[in-house]
Amino acid sequence: MKVLIKEFAVDMEVKSKGIELEIKSPDGTNHLGDCHITKTSIIWCKGRTIKTNGVKISWAQLTAVLDSDAAKSAAVKAANNA
């Protein structure tokens, strides 16, 4: 994947406004979506979805998924079948 920082308006610590990463296909031609990273969550916006309509997951939810072998396996399996 090609990942670009769209706006770098942060100090070293992620603030409430967060940062936005633009995700493109490996060759850089297709815009796949944006990933917004904040102090409280990660928001995935597929394609041209606006931030308020994106899929939001809290850091607690993310760590619970990644700490659980069953949840992690299910997520990877779902991603591979997509």
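To be clear, the structure that these remarks concern was listed above.
Numbers given for residues are sequential positions, taken from 1 along each chain in its written order. Only residues with pLDDT of at least 70 get local features here, since the model is predicted, and only at 80 or more are side-chain atom pairs given and counted; chain-wide, interface and lining totals rely on the full set of residues. Calculation of side-chain values draws on the structure's entire complement of heavy atoms; hydrogens and water are dropped beforehand.

Peer 1: How do you make sense of the environment of serine 16 when you look at a structure like this?
Peer 2: Per the convention used, a helix needs a DSSP run of H or I reaching at least four residues, while a strand needs a run of E reaching at least two, with both numbered from the N terminus. For serine 16, the position within the fold is in the loop between strand E1 (2-7) and strand E2 (19-24). Residues serine 16 and alanine 64, spaced 48 residues apart in sequence, show a C-alpha to C-alpha distance of 22 Å. Residue contacts are defined here by distance: any two heavy atoms, one from each residue, within 4.5 Å place the two residues in contact. Dropping the residues within four chain positions of it, serine 16 is found in contact with Thr38 and Lys39.

Peer 1: What is the right way to look at the nonpolar core in this model?
Peer 2: General note: in soluble globular proteins, nonpolar side chains tend to be found buried as a group. Counting residues in hydrophobic clusters, the biggest one holds 6 residues: Ile19, Leu21, Ile23, Cys35, Ile37 and Ile42. With 3 residues, the top contributor of residues to this core is E2. The residues contacting isoleucine 37, other than those within four sequence positions of it, are Val14, Gly18, Ile19, Leu21 and Trp59. Residues enter a nonpolar core if they are buried and are Ala, Val, Leu, Ile, Met, Phe, Trp, Tyr or Cys, with the set joined through side-chain atoms within 4.5 Å. For the exposure calls, accessible area comes from a 1.4 Å probe over protein chains only, and a residue counts as buried if that area is under 20% of its type's maximum, exposed if over 50%, partly exposed in between.

Peer 1: Even after reading the chapter, I still don't get the layout of surface pockets, so can you show me in this structure?
Peer 2: Where empty space is left in the structure can be found by rolling a water-sized probe over the atoms. As a volume, the largest pocket reaches approximately 190 Å³. Taken together, Leu62, Val65, Leu66, Lys72, Ala75, Val76, Ala78, Ala79 and Ala82 make up the full set of residues lining the largest pocket. Among the secondary structure elements, those contributing two or more residues to the lining of the largest pocket are helix H1 (59-67) and helix H2 (69-81). A per-element tally of the lining of the largest pocket places H2 first, with 5 residues. In this classification, Asp, Glu, Lys and Arg are treated as charged, Ala, Val, Leu, Ile, Met, Phe, Trp, Tyr, Cys and Pro as nonpolar, and every other residue, Gly included, as polar. Grouping the constituent residues of the lining of the largest pocket by class yields 8 nonpolar, no polar and 1 charged. A cavity here means a set of 1 Å grid points, computed over protein atoms only, where a 1.4 Å probe fits but cannot escape. A pocket is an open set with protein on both sides within 12 Å along at least 5 of 7 lines, and lining residues have an atom within 4 Å of a point. Grid points are joined across faces, edges and corners, and a volume is the space filled by probe spheres set on the points.

Peer 1: I'm lost on the side chain of threonine 38 in this one. Help?
Peer 2: Along the chain, the position of threonine 38 falls in the loop between strand E3 (31-37) and strand E4 (41-46). Judged by relative accessible area, which is 9%, threonine 38 ranks as buried. If near-sequence neighbours (up to four positions away) are discounted, threonine 38 is found in contact with Val14, Lys15, Ser16, Lys17, Gly18, Lys51 and Trp59.

Peer 1: Honestly, the pattern of salt bridges in this entry has me stumped. Any pointers?
Peer 2: Opposite charge on two side chains permits pairing when their charged atoms draw close. Each reported salt bridge corresponds to a side-chain nitrogen of Lys or Arg within 4 Å of a carboxyl oxygen of Asp or Glu. Counted under the stated rule, the structure contains 1 salt bridge. Aspartate 69 is the partner of lysine 72 in a salt bridge, and the nearest nitrogen-oxygen pair spans 3.8 Å. One end of the pair, lysine 72, and the other, aspartate 69, are both in helix H2, 3 residues apart, so they sit about a helical turn from each other. Here lysine 72 falls in the partly exposed class, since its relative accessible area comes to 32%.

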